[in-house]
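Observations on chain architecture
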Amino acid sequence: MLDCVDFNYEEIKEFPKPFKYTPYNKFDFSIPVRTPLSLKVCKIIILGDLCVGKTSLLNRFCRKVFDSNYRTTIGVDFQTEQLNILGVPYHLQIWDTAGQERFKCIAQCYYRKAHVIMLVFDLSTIRTLAGCKNWLRDALEVSNDIESPFIFLVGSKKDLLSEEAYKNVEDIAEKVAKNLNAEFWSVSSKTGENINDLFFRAAALSFDEHLKSACEKINRNEIHIGSDLICMYLMRFSYSTNLGCCSFQKEP
Ligand SMILES: Nc1nc2c(ncn2[C@@H]2O[C@H](COP(=O)(O)OP(=O)(O)OP(=O)(O)O)[C@@H](O)[C@H]2O)c(=O)[nH]1
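Residues numbered from 1 in each chain as written. Predicted model: local features only at pLDDT ≥ 70, side-chain atom pairs only at ≥ 80, totals over all residues. Heavy atoms only, no water.

By the naming in an unreviewed UniProt entry, the protein chain is Ras-related protein Rab-36, taken from Asbolus verrucosus. Per UniProt, the comment on the protein chain under Catalytic activity (unreviewed entry) is "GTP + H2O = GDP + phosphate + H(+)". Under the Sequence similarities (unreviewed entry) heading, UniProt states for the protein chain: "Belongs to the small GTPase superfamily. Rab family." (UniProt positions renumbered as here; feature names shortened; annotations may be inferred.)

Printed below as a string of C-alpha cells:
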C-alpha cells in the first residue's frame, strides 16, 4: 500500500471567498496524473419558488445568455458543464427544477444523490426567502443517501436592488443561511455578477469531498496500488498544499 502518513486533513483550509481562480495554464502541476475514473460527476440541484431566476442562473452559467422573457419550467431540465480542476476533467450535472407546486413531485424524483443543493430566492422579493427552508427540507428528505450535501443560499437579481436595499436584504439572508447551514451568495444572471464564482466554488467543494473520501478508503486499506484512486490521493496532496492557486478551466 501507498504510505499515507504525511497526509493531514486539518491542513485543508477554507477557500477564500469570493473564490479566487487563475487560468489553468498558470498552474504548475508537478505530479503526472491519469484521469481518475470515479471522480467525474458533481450533481447540483437548483430549487426555489416560482420565477426567482433558477433557469436564468443555469443559462447564464452554461450558455452565457440571459433572456428577460419568462417561460416557466415544466418538471425538470438539466445541463452539463465540463470543468478542468487541476487538470482533471470534472463534470457538473446541473438540474433546474420547476418552482410551481404542481410539478414538485416530478422534480423530487431528481433530487436523489445531489452533492450540491442551491436554494434560490429573489433578492427583490424578500418573501421568496421564506420558502427556502421548505425546499431544503424536501430535498434532504429525498436525497438522504448523500450524507451532507453542500448547501448554497443564492439571492438572485442583484442588479434590481440599490446598494442600500441590498444591504438590508443581505443581513437577513446571512442569518437565514447560517440557520440552514448554507453559504450565502448574491448573483445577477442579467449582468453575470458572481455566477461563475458560485458554480466554481460548488465544484471545488464537491471535488475536494470526492478526493477526501477516496483518500479515506486508501487509508483504510480498502484500495490497492494501481487503482485510479491513488492518483486522486496524490492530487489531493498537491491540491491541499496549493489551494491559493487552484485553477479552473471551463471547456468551450
Ligand atoms: N433583472 C433580472 N431579472 C432576472 C434575473 N434572473 C432572472 N430574471 C428574470 O426573472 C424571470 C424569471 O426567471 P426564470 O429564470 O425563468 O425563473 P425560474 O425560477 O426558473 O422560474 P420557474 O421555472 O417558473 O420556477 C424572467 O423574466 C427572467 O428574465 C436577474 O438576475 N436580473
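From this point, the discussion proceeds with the structure in view.
Another aspect to go through is the pattern of salt bridges. A side chain of one charge can pair with a side chain of the opposite charge if their charged atoms are brought near each other. This model, assessed by the stated rule, comprises seven salt bridges. Across the pair aspartate 67 and arginine 71 runs a salt bridge, and its minimum N-O distance is 2.6 Å. Its salt-bridge partner being glutamate 183, residue arginine 201 comes within 2.3 Å of it at the nearest N-O pair. Residue arginine 201 is located in helix 6 (residues 195–219), and its partner glutamate 183 is located in strand 6 (residues 183–186); the two are separated by 18 residues in the primary sequence. Each of the two residues, arginine 201 as well as glutamate 183, counts as buried. Via salt bridges that share partners, Lys167, Glu170 and Asp171 belong to a single interconnected network. (Salt bridge = Lys/Arg side-chain N within 4 Å of Asp/Glu carboxyl O. Helix = DSSP H or I, 4+ residues; strand = E, 2+ residues; numbered from the N terminus. Buried < 20%, exposed > 50% of the residue type's maximum accessible area, 1.4 Å probe, protein only.)

Time to look at helix 4 (residues 132–142). Burial in helix 4 covers these residues: Cys132, Trp135, Leu136, Asp138 and Ala139. Down the axis of helix 4, the buried side of the element spans an arc of 165 degrees, and every buried residue falls inside it. For helix 4, the exposed residues set more than 90 degrees away from the buried face come down to Lys133 and Glu141. On its buried side, helix 4 packs onto strand 1 (41–48), helix 2 (104–108), strand 4 (116–122), helix 3 (127–130), strand 5 (150–156) and helix 5 (163–180). (Arc of directions from axis to C-beta. Contact = heavy atoms within 4.5 Å.)

For the rest of this paragraph, the subject is the pairing of strand 3 (residues 88–97). Of all 10 residues in strand 3, seven are buried; the element is thus mostly enclosed. Bridging between strand 1 and strand 3 involves six bridges; their strand directions are parallel. Its bridge partner lying in strand 3, valine 41 is registered against histidine 91. As paired elements, strand 2 (residues 76–85) and strand 3 share 10 bridges and run antiparallel to each other. Looking across to strand 3, one finds that threonine 80 is bridged to glutamine 93. (Pairing = 2+ DSSP bridges.)

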